[in-house]
Amino acid sequence: MLLAPELLDRIRDRAAGYDRENAFFTEDLQELKEAGYLTALVPKELGGLGMSLEEVTREQMALAGAAPATALAVNMHQVWVGVAKVVHDRGETFMDQVLTEAAAGEVFGFGISERGNDLVLFGSTTEARPDGEGGYTFHGTKIFTSLSPAWTRLGTFGTDTTSPDGPKSVYAFITRDGGGFEIKDDWDALGQRASQSCTTVLQGAHAPAERVVRRLDPGPNPDPLIFGIFACFELLLASVYTGIAQRAIDVAVATVGKRTSLQHDGAPYSRDPDIRWRLAHAGIALDGIYPQISTLAADVDSLADHGSMWFPRLSAVKVRATETAKDVVDAAIRVSGGGAYFNRSELSRLYRDVLAGLFHPSDDESAHSAWANALLGPVPD
Ligand SMILES: Cc1cc2nc3c(=O)[nH]c(=O)nc-3n(C[C@H](O)[C@H](O)[C@H](O)COP(=O)(O)OP(=O)(O)OC[C@H]3O[C@@H](n4cnc5c(N)ncnc54)[C@H](O)[C@@H]3O)c2cc1C
């Protein structure tokens, strides 16, 4: 593992303070940069550590077990670098700039989500206005932009309505130095507080031609960029929430070893059959998630072909991992008793953090719709 236990311990020690203060994880980010973690997915020949997506899913689980919000926000950077690796591995170079810039120390934010936009990647309410030289300016509002205080590059997309052959979804990277955006100081959420996922108002932020990576027809698209975003986003996100669940089990195991029962002559709850069953049940549920993440990530790494089942499978792993994580943290809280309800308890923070898994794409509805279409075909008009 790249992330050493001592580094993870320091990150864990800071997590409660960031959460309480609603503060960004500045020190964690610095240490992760120094460890080379932000270059993990950059191929060695381009100056990175050359790790596989499968390896990074395990690192993300470990990081999330130490500090969920740090892991979730760093995830957004790893997603873009992962997308660039996926595209590079498939013989295309249009995302290579992301790899070389990540190797040079740039931090990538993920400026995709918009209010009330359930099309997610299949259409944007942001305007992408051509600059006449192959570049674009972006006008619109992106919500939940994690890493807000720290990104130096923001991958975003908007719609160009000026094209004679119909609207185009334009994917590009803007730079922090280039300006043309406002970051609102509006992140005060139930959980994942250190992620500082603030609203970003794009007010003409400019991406010159060389930072425009794709112009695609809106709607479902087999383009390697879209495949890369789905693959890396769903798998790395599933890893974050799986890491939270594993940590909840570890904390619960320690707690029930200390909590004693008057009814059973002061015996620890770890000997109580109901508590044992409940924790075992959580362990069994979580145990099934690891191979699913690992197998699909290895399939992305090895360029395996799942054809039209890629999207249903990727959405399924995200939904199953985040839903399981929520149930596992719930079980950990139940066996740990009222102490877990105090804000000073790590479990109470994990309980708040794990809930965010519900809101990320793919949501339950879109995953079920993808599977219903795969199994039954689309509903005729
Ligand atoms: C902790 C966390 C971190 C995240 N980080 C990122 C990130 O880095 N990058 C990224 O792109 N996404 C990020 N996301 C966004 C996430 O993936 C979802 O897009 C987001 O949760 C919105 O989901 P939704 O569609 O359910 O929200 P919506 O239902 O769209 O609600 C979002 C907000 O918009 C308001 N709203 C809803 N509909 C309308 C409307 N028609 N008009 C006006 N306002 C409306 C709602 O009241 C709410 O305040 C993050 C989410 C979370 C929870």
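Residues numbered from 1 in each chain as written. Predicted model: local features only at pLDDT ≥ 70, side-chain atom pairs only at ≥ 80, totals over all residues. Heavy atoms only, no water.

**Overview of the overall build of the protein**
Working step 1: Along the backbone of the protein there are eleven helices and ten strands.
Working step 2: Considering only C-alpha atoms, the protein reaches an extent of 80 × 50 × 40 Å along its principal axes.
Working step 3: Counting all 381 residues of the protein, 55% fall into the buried class.
Working step 4: Put simply, of all contacts in the protein between residues at least 6 apart along the chain, 73% involve residues at least 24 apart.
Working step 5: Put simply, the protein shows about 16600 Å² of open surface, and 53% of that area lies on carbon and sulfur atoms.
Working step 6: Each charge sign in the protein was given a centre, from 34 positive and 51 negative side chains, and these centres are 6 Å apart. (Helix = DSSP H or I, 4+ residues; strand = E, 2+ residues; numbered from the N terminus. Buried < 20%, exposed > 50% of the residue type's maximum accessible area, 1.4 Å probe, protein only. Contact = heavy atoms within 4.5 Å. Areas by Shrake-Rupley, 256 points an atom, 1.4 Å probe, with all protein chains shown as cover. Lys, Arg positive; Asp, Glu negative; His and termini not counted. Charge placed at Lys NZ, Arg CZ, Asp CG, Glu CD.)

**Quick look at the domain arrangement of the protein**
Working step 1: Looking at the protein, the domain boundaries give domain 1 (5-103), domain 2 (108-216) and domain 3 (224-376).
Working step 2: Taking only C-alpha atoms, the centre of domain 2 and the centre of domain 3 are 30 Å apart.
Working step 3: Contact with domain 2, which involves eleven residues of that partner, is made by 13 residues of domain 3.
Working step 4: Counting each side, the surface lost to burial between domain 2 and domain 3 is near 1000 Å², with a carbon and sulfur contribution of 79%.
Working step 5: By the criterion of area lost to domain 3, the three top residues of domain 2 are Leu 121, Leu 190 and Gln 192, representing 46% of everything that side buries.
Working step 6: Taken together, the connections running from domain 2 to domain 3 amount to zero salt bridges.
Working step 7: Linking domain 2 to domain 3 there are three residue pairs in polar contact (both at pLDDT 80 or more). (Domains from an automatic or database assignment. Buried area = accessible area lost by both parts, 1.4 Å probe. Salt bridge = Lys/Arg side-chain N within 4 Å of Asp/Glu carboxyl O. Polar contact = N/O pair within 3.5 Å; in protein donor to acceptor, adjacent residues only side chain to side chain.)

**Brief notes about unusual backbone geometry**
Working step 1: Here the residue pair Pro 361 and Ser 362 is connected by a cis peptide bond, since its omega of -5 degrees sits within 30 degrees of zero.
Working step 2: As for its position among the elements, Ser 362 is in the loop between helix H10 (346-355) and helix H11 (364-376).
Working step 3: Non-glycine residue Leu 147 carries a positive phi angle of around 70 degrees.
Working step 4: The topology assignment puts Leu 147 in the loop between strand S3 (136-145) and strand S4 (153-160).
Working step 5: Residue classification places Leu 147 among the buried residues on the basis of a relative accessible area of 0%.
Working step 6: In this model, Gln 196 sits at a positive phi of 45 degrees, which is unusual for a non-glycine residue.
Working step 7: Inspection of the secondary structure puts Gln 196 in the loop between strand S6 (181-183) and strand S7 (198-207).
Working step 8: Overall, the relative accessible area of 9% leaves Gln 196 in the buried class.

**Comments concerning the nonpolar core**
Working step 1: Within the largest apolar cluster, 101 residues are counted, with the highest numbers of intra-cluster contacts made by Trp 80 and Met 95.
Working step 2: Not counting the four nearest positions on each side in its chain, Met 95 is found in contact with Trp 80, Val 83, Ala 84, Val 87, Phe 173, Val 213 and Leu 225.
Working step 3: With 13 residues, the next largest nonpolar core counts Tyr 136, Leu 154, Leu 202 and Val 212 among its residues. (Core = buried A, V, L, I, M, F, W, Y, C linked by side-chain atoms within 4.5 Å.)

**Side note on a negative patch on the surface**
Working step 1: The grouping of Asp 118, Asp 363, Asp 364 and Glu 365 at the surface amounts to a negative patch.
Working step 2: Mapped onto the secondary structure, Glu 365 falls in helix H11. (Patch = residues over 30% accessible without salt bridge, like charges linked within 9 Å, V, L, I, M, F, W, Y side chains within 5 Å.)

**Digging into the packing of aromatic side chains**
Working step 1: Across all of its chains, the model carries eleven aromatic pairs by this definition.
Working step 2: Here the aromatic rings of Trp 80 and Phe 110 are separated by 5.1 Å at their centres, their planes lie at 50 degrees, and the arrangement is tilted. In this pair, Trp 80 sits in helix H4 (residues 68-89) while Phe 110 sits in strand S1 (residues 108-111), placing the two residues 30 residues apart along the sequence.
Working step 3: Exposure remark for Trp 80: the relative accessible area of 1% places this residue in the buried category.
Working step 4: Ring geometry for Phe 230 against Phe 311: centres 4.8 Å apart, planes inclined by 80 degrees, an arrangement best described as edge-to-face. Of the two residues, Phe 230 sits in helix H6 (residues 224-258) while Phe 311 sits in helix H9 (residues 310-336), which places them 81 residues apart along the sequence.
Working step 5: Owing to a relative accessible area of 28%, Phe 311 belongs among the partly exposed residues under this scheme.
Working step 6: Taking NZ or CZ as reference, Arg 176 lies 4.8 Å from the ring centre of Trp 151, over its face.
Working step 7: Positioned above the aromatic ring of Phe 94, the side-chain terminus of Arg 214 is 3.7 Å from the ring centre. (Phe/Tyr/Trp six-rings, centres within 6.5 Å; stacked < 30°, edge-to-face > 60°. Lys NZ or Arg CZ within 6 Å of the ring centre and 35° of its normal.)

**Things to note about the site of the ligand**
Working step 1: Around the ligand, a shell composed of 18 residues is seen, among which Phe 110, Ser 113, Gly 116, Phe 144 and Ser 146 lie nearest.
Working step 2: The separation between a nitrogen atom of the ligand and a polar side-chain atom of Ser 113 is 2.7 Å.
Working step 3: Residue Gly 116 places a main-chain N or O atom 2.7 Å away from an oxygen atom belonging to the ligand.
Working step 4: Summarising the interface, the protein chains cover 62% of the accessible area of the ligand, which totals 980 Å² for the free molecule.
Working step 5: Counting residues per element, the ones that place at least two in the shell around the ligand are H4 and S3.
Working step 6: The residue inventory of the shell around the ligand, partitioned by class, reads ten nonpolar, seven polar and one charged.
Working step 7: Three or more residues apiece are contributed to the shell around the ligand by two domains, here domain 2 (108-216) and domain 3 (224-376). (Near = heavy atom within 4 Å. Nonpolar A, V, L, I, M, F, W, Y, C, P; charged D, E, K, R; others polar.)

**What to know about the packing of helix H1 (residues 5-21) against H10**
Working step 1: The contact between H1 and H10 brings their axes to 11 Å, and the two run at 70 degrees. Overall, the two elements H1 and H10 adopt an arrangement that is roughly perpendicular. Considering how the two elements wind past one another, H1 and H10 form a crossing that is left-handed. Two secondary-structure elements touch here, H1 through Arg 12, Ala 15, Ala 16 and Asp 19 and H10 through Glu 346, Arg 349 and Arg 352.
Working step 2: Tallied by class, residues from the contact of H1 with H10 come to two nonpolar, no polar and five charged. (Axes fitted to C-alpha atoms, helices over the stretch in contact; angles between N-to-C directions. Parallel < 35°, antiparallel > 145°, perpendicular 65-115°, else oblique. Left-handed = near helix turned anticlockwise from the far one by under 90°.)

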